[in-house]
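# What the coordinates show
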Amino acid sequence: MRSGADIALLARAWIGTPYRHQASRRGAGADCLGLIRGIWRELYGNEAGPVPAYGSDWRDLGAGDALETAALRHLVARDGPLEAGDVVLFRLMRHRPARHCGIMVGPDRFVHAQEHIGVAEVALGESWARRVAGAFGFP
């Protein structure tokens, strides 16, 4: 099992990867889920399972709780303060399912892929912190 610090280093290696919807290749392109998928492959050698097509519009409710369901199936739910290496899910709208994810690289910083920006490290400021829907660890 890799430490949170190891996973944070893997996540930081993706910084600068351009945003590409449904992509998951470091340096070539990734969206937020693609970042998690790519790190999973770096840790375990292959995909956790098939990934169904999904839309780029985070306001779309058609997918239901698919992101959280997948996290519960493939990752380990965590309680307590966020730590380096945690996969964090975000609700972008109150009372809606989680539609965004990233990887914590410290107690108040995370790496994620954002449209028009790409993979970047950002502060987990108040705006992001109030949107946290759950935290998970790699098994």
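This report concerns the structure included in the present document.

Basis of the calculations
- Residues numbered from 1 in each chain as written.
- Predicted model: local features only at pLDDT ≥ 70, side-chain atom pairs only at ≥ 80, totals over all residues.
- Heavy atoms only, no water.
- Core = buried A, V, L, I, M, F, W, Y, C linked by side-chain atoms within 4.5 Å.
- Buried < 20%, exposed > 50% of the residue type's maximum accessible area, 1.4 Å probe, protein only.
- Helix = DSSP H or I, 4+ residues; strand = E, 2+ residues; numbered from the N terminus.
- Contact = heavy atoms within 4.5 Å.
- Salt bridge = Lys/Arg side-chain N within 4 Å of Asp/Glu carboxyl O.

Counting 27 residues, the largest nonpolar core has Ile39, Leu75, Val87, Leu89, Ile103, Val119 and Phe138 as its most contacted members. Counting only elements with at least two residues in this core, the list comes to helix H1 (4-12), helix H2 (32-44), helix H3 (66-74), strand E4 (87-90), strand E5 (100-106) and strand E6 (109-114). In terms of residue count, H2 provides more of this core than any other element does, 6 residues in total. The residues contacting Val119, other than those within four sequence positions of it, are Trp14, Ile15, Gly16, Thr17, Ala30, Leu35, Val111, His112 and Ala113.

The next subject is the pattern of salt bridges. Per the stated rule, a full pass over the model turns up 8 salt bridges. The partner of Glu47 in a salt bridge is Arg37, with the nearest N and O atoms 3.0 Å apart. Within this pair, whereas Glu47 is found in the loop between H2 and H3, its partner Arg37 is found in helix H2, the two being separated by 10 residues in sequence. A relative accessible area of 16% places Arg37 in the buried class. In this structure, Arg78 engages Asp86 in a salt bridge whose closest nitrogen and oxygen atoms are separated by 2.7 Å. According to the relative accessible area criterion, Asp86 is buried, its value standing at 4%. What you see here is one network of salt bridges that share partners, running through Arg12, Arg109 and Glu121.

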